[in-house]
Amino acid sequence: MSETRKTITRRNVLQCVPPALLIPTASWALQSKDVSPSHAHDALDLPVLAQPDLVFAFVGDFEAQRLGLSKSGSTWTGTSRGAGVKVDFAAAAQQAVVSITAPTVPVQRIQFRWKRRLAEDVLALGDAWERSYGDLEWRPLQAERVLPWYALLHSQGRTSGMGVKTGAATFAFWQADPSGISLWLDVRNGGNGVSLGNRTLKAATIVQCKGASGESAFAVTQRVCRAMAHGTQVPSSRGGLPTDVIYGSNDWYYAYGQNTLDGILRDADLVASLAPAGGIKPFTVIDDGYQDASRFPSLSKLGSAIRDRNVIPGLWIRPLRAASGTPANLLLPDSRWIGTRDEQGPVAYDPTIPEALHAIVSVAAEACEWGFELIKHDFTTWELFGLWGSQMGASPARGNWHFNDRTVTNAEVVTTLYRQLRATCGQDRLILGCNTVGHLSVGLFDASRTGDDVSGKEWERTRRTGVNTLAFRAPHHMTFYSVDADCVAITPDVPWSLSRQWLKAVANSGTVLLISPDPRAIGAEQKQSIREAFARCIAKPAGQPVDWIKTRTPVSWRSVEAAQNYDWTQEEGESPFPIGIQRGPD
């Protein structure tokens, strides 16, 4: 059946991850004196490491046929049309590995179902496919709700969680309802089934953590994330630059593409003057707009000028965007877009074509040749799949289309692209991904823009998207990457009383802190607040939300040193109208 009628909805890649910190098993497994199995809450003793009760395969190129699979030991196999489909579910004490073979039929999805009664008061939390859009929250069980990558369940003050390890070869999501738990593995290629041929796909590794009595939901979520990243090398520095202290400026939220050379150098002078003396150097990241040669005649000279100010230069790039006139045989098909022509982006390269992949990474190579030490790349998920994360639901790709290479899954396409970007940038530069699939970037990218754009024009967007992603993706910080909840815009259009609180909250979280300083809004008071925020950020305070189970935009936060309450609401209240998705100029 077609997805339009019913939503039923590696190749070997370049190994380029450097030696670094390895997350120890004891940091997430229930093996210590403080967190023991005897303390686990039986109602939340999740069954997902045991053999499922039901397994289904959805096969076909575009029209999907659901096949029930039969179990023999740890292997589930199909009959009739799905005779060649085999799913191996290798269960163990701390993880379960799922492998798929299907030499004769395209495969779209695999669904696993565990029958388990869940209490009526259970609250559930999932993650997002790429960035979040102000939509992360704890919510009562909703049978059709899609919970990407991991699911946390909370009942009577206790929490347990389950997830798919980072770097999987599939887009994975969970469902939880009063009768049981489902895991879906989307192994498609574009909107079509993947043609695996004779290879066995190691699709996913499932992990689980049980909460202990008195352990906060936030702490359990952190342990689930550590379990998901266990075994992946996550660097603590690149070329002498720490990955856990990234602060400075980015011009987007006051310039919005109309940046200038003088403005960039003014930003560099500002952050240099406010950075702690003798401490870690700040960054000045140049955003979109620098492509205008009349305003920026030499990017290499500008990078050197920033560096002369004792500031580290960074550059925004959009590597998948293809120039007008690019041969059609290097491009992704327009059929991947679901909106009108006005809602579609420019033509984009197909990274499964070697010549196109070379063109993609050459954009990053050029930025590196200019001397930029932080590379921020954007728009890759939207241009690959024609969807924003908030539009994906149960289907990260839609439509009747496929990549040039049909033998790899969508997740493998993404991961191969990320590895090639890392190989191109080398091991000495920081990479910050925006509109990227964070769970597939672990160990490859050093920071991730985890939410949709904030705003230098209206506070409501910052409140909804910025505060939400800072709170709900804080458990990822320095386990998956350094979390970037987006900039602190200091402009005349946003009340300073609110921007000051946002500045303080980001600084107190210890996550990425980049300011967008409109010179018309920077006075003595703002400079002092920025100076204090930079010093706080460098101290890595690791703040976390306290009331996140009750609200999308937590107001109560705490760190080891102190507690802090914020007032995010404007005097007149907040807008009830949609804020839309920010995509920037094309």
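### Regarding the overall build of the chain
Here is step 1: Of regular secondary structure, the chain possesses 11 helices and 31 strands.
Here is step 2: The C-alpha atoms of the chain give 23 Å as radius of gyration, which agrees with the globular expectation for 586 residues (25 Å, within 12%).
Here is step 3: A burial count over the chain gives 62% of its 586 residues as buried.
Here is step 4: Side chains of the chain carry 59 positive and 58 negative charges; the gap between the two charge centres is 6 Å.

### Here's the deal with the packing of aromatic side chains
Here is step 1: Evaluation of the coordinates by the stated rule reveals 29 aromatic pairs.
Here is step 2: Seen from their ring centres, tyrosine 253 and tyrosine 256 are 5.9 Å apart, and the 85 degrees between their planes marks the pair as edge-to-face.
Here is step 3: On the basis of relative accessible area, tyrosine 256 is assigned to the partly exposed category, the value being 22%.
Here is step 4: Linked through ring pairs, Phe58, Trp129, Trp149, Phe171, Phe173, Trp184, Phe385, Trp401 and Phe403 together constitute an aromatic cluster.
Here is step 5: Against the face of phenylalanine 379 rests arginine 318, its NZ or CZ located 3.7 Å from the ring centre.
Here is step 6: Over the ring of tyrosine 256 we find lysine 457; its NZ or CZ atom is 4.3 Å from the centre of that ring.

### Structural notes on the sheet that holds strand S25 (residues 447-449)
Here is step 1: Read from one edge to the other, the open sheet built from 9 strands follows the order S26-S25-S24-S23-S22-S21-S20-S28-S27, with strand pairing classed as parallel. Single-partner strands in this sheet number two, and they are strand S26 (482-484) and strand S27 (488-490). Here the strands of the sheet are splayed against their neighbours by 25 degrees on average, with no regard to which way each runs.
Here is step 2: Across 4 bridges, the pairing between strand S22 (residues 312-317) and strand S23 (residues 374-377) is parallel. Residue pairing in the sheet places isoleucine 317 in a bridge with histidine 377 of S23.
Here is step 3: Sitting on the sheet, helix H10 (residues 496-509) is in contact with S27 and strand S28 (513-517), with an inclination near 150 degrees to S27.
Here is step 4: Sheet strands touched by helix H11 (residues 524-538): strand S20 (247-250), S27 and S28. Its angle to S28, the strand with the most contacts, is close to 165 degrees.

### Structural notes on the layout of surface pockets
Here is step 1: Of the volumes computed, that of the second largest pocket is approximately 330 Å³.
Here is step 2: Lining the second largest pocket are 19 residues, and of these Asp127, Ala128, Asp135, Val146 and Pro148 lie nearest its centre.
Here is step 3: When residues of the lining of the second largest pocket are traced back to their parent elements, those giving at least two are strand S11 (147-148) and helix H7 (389-392).
Here is step 4: When the residues that make up the lining of the second largest pocket are grouped by side-chain class, the tally is 7 nonpolar, 5 polar and 7 charged.

### Some words on the environment of serine 300
Here is step 1: Secondary-structure assignment places serine 300 in helix H4 (residues 299-308).
Here is step 2: Among the residues examined, serine 300 registers a relative accessible area of 32% and is labelled partly exposed.
Here is step 3: Linking serine 300 and glycine 371, residues 71 residues apart in sequence, is a C-alpha distance of 6.2 Å.

### As for empty space enclosed by the protein
Here is step 1: What the largest cavity holds in volume is close to 200 Å³.
Here is step 2: Together, 21 residues line the largest cavity, and Trp252, Trp316, Asp378, Phe379 and Asp453 are the ones closest to its centre.
Here is step 3: Of the residues in the lining of the largest cavity, the class split is 8 nonpolar, 3 polar and 10 charged.

### Here we look at helix H3 (residues 261-274)
Here is step 1: Here H3 spans 20 Å end to end across 14 residues, near enough to the 20 Å set by a 1.5 Å rise per residue.
Here is step 2: The set of residues buried in H3 consists of Gly263, Ile264, Leu265, Asp267, Ala268, Leu270, Val271 and Leu274.
Here is step 3: Elements that come into contact with the buried residues of H3 comprise S20, helix H2 (252-255), strand S21 (283-286), H4, S28 and H11.

### Notes on the sheet that holds strand S29 (residues 544-545)
Here is step 1: With antiparallel pairing, 3 strands are arranged side by side in an open sheet as S29-S30-S31. Each edge of the open sheet is held by one strand with a lone partner, namely S29 and strand S31 (563-565).
Here is step 2: Looking at chain direction, strand S30 (residues 556-558) and S31 are connected through 3 bridges and run antiparallel. Looking at the pairing, serine 556 lines up with asparagine 565 of S31.

### Quick notes on the pairing of strand S24 (residues 430-434)
Here is step 1: Most of S24 is tucked away: 5 of the 5 residues are buried.
Here is step 2: Of the two faces of S24, the one carrying Leu430, Leu432 and Cys434 and the one carrying Ile431 and Gly433 are both buried.
Here is step 3: Where S23 and S24 come together, 4 bridges link them in parallel fashion. In the sheet register, isoleucine 375 faces S24, and the bridge partner there is isoleucine 431.

### Notes on the packing of helix H9 (residues 459-472) against H10
Here is step 1: One way to put it is that H9 packs onto H10 with a least axis distance of 12 Å and a crossing angle of 15 degrees. On the basis of the axis angle, H9 is roughly parallel to H10. Pair H9 / H10 crosses with left-handed handedness. Contacts between H9 and H10 involve Trp459, Thr462, Gly466, Val467 and Leu470 from the first element and Leu498, Ser499, Trp502, Ala505, Val506 and Ser509 from the second.
Here is step 2: Grouping the constituent residues of the contact of H9 with H10 by class yields 7 nonpolar, 4 polar and no charged.

### Some words on the side chain of arginine 145
Here is step 1: Structurally, the position occupied by arginine 145 is in the loop between strand S10 (139-140) and S11.
Here is step 2: The buried charged residue arginine 145 lacks any salt bridge partner; its closest oppositely charged side chain belongs to glutamate 137, at an N-O distance of 5.8 Å.
Here is step 3: A polar contact is formed between the side chain of arginine 145 and the backbone oxygen of glutamate 137, at a distance of 2.9 Å.

### Comments concerning the pattern of salt bridges
Here is step 1: Throughout the structure, instances matching the rule amount to 28 salt bridges.
Here is step 2: For arginine 318, the salt bridge identified is with glutamate 383, shortest N-O distance 2.7 Å. Within this pair, whereas arginine 318 is found in the loop between S22 and helix H5 (354-369), its partner glutamate 383 is found in helix H6 (residues 380-385), the two being separated by 65 residues in sequence.
Here is step 3: Salt-bridge contacts for arginine 449 lead to aspartate 453; the nearest nitrogen and oxygen are separated by 2.8 Å.
Here is step 4: Of the residues examined, arginine 449 reaches a relative accessible area of 3% and is grouped as buried.
Here is step 5: Overlapping salt bridges bring together Glu130, Arg131, Arg449, Asp452, Asp453, Arg461 and Asp486 as one network.

### A look at the confidence of the model for the chain
Here is step 1: Averaged over every residue, the pLDDT of the chain is 92; the share at 70 or more is 92%.
Here is step 2: Contacts of residues 1-26 to residues separated by more than four positions or lying in other chains number 76 contacts, the stretch itself having pLDDT below 50.

What counts and what doesn't
Residues numbered from 1 in each chain as written. Predicted model: local features only at pLDDT ≥ 70, side-chain atom pairs only at ≥ 80, totals over all residues. Heavy atoms only, no water. Helix = DSSP H or I, 4+ residues; strand = E, 2+ residues; numbered from the N terminus. Rg over C-alpha atoms; globule rule 2.2 N^0.38 Å. Buried < 20%, exposed > 50% of the residue type's maximum accessible area, 1.4 Å probe, protein only. Lys, Arg positive; Asp, Glu negative; His and termini not counted. Charge placed at Lys NZ, Arg CZ, Asp CG, Glu CD. Phe/Tyr/Trp six-rings, centres within 6.5 Å; stacked < 30°, edge-to-face > 60°. Lys NZ or Arg CZ within 6 Å of the ring centre and 35° of its normal. Pairing = 2+ DSSP bridges. Axes fitted to C-alpha atoms, helices over the stretch in contact; angles between N-to-C directions. Contact = heavy atoms within 4.5 Å. 1 Å grid on protein atoms, 1.4 Å probe; cavity = no way out; pocket = protein on both sides within 12 Å on 5 of 7 lines; lining within 4 Å. Points joined across faces, edges and corners; volume = space filled by probe spheres on them. Nonpolar A, V, L, I, M, F, W, Y, C, P; charged D, E, K, R; others polar. Expected span 1.5 Å × (residues − 1). Parallel < 35°, antiparallel > 145°, perpendicular 65-115°, else oblique. Left-handed = near helix turned anticlockwise from the far one by under 90°. Salt bridge = Lys/Arg side-chain N within 4 Å of Asp/Glu carboxyl O. Polar contact = N/O pair within 3.5 Å; in protein donor to acceptor, adjacent residues only side chain to side chain. pLDDT = per-residue confidence, 0-100.

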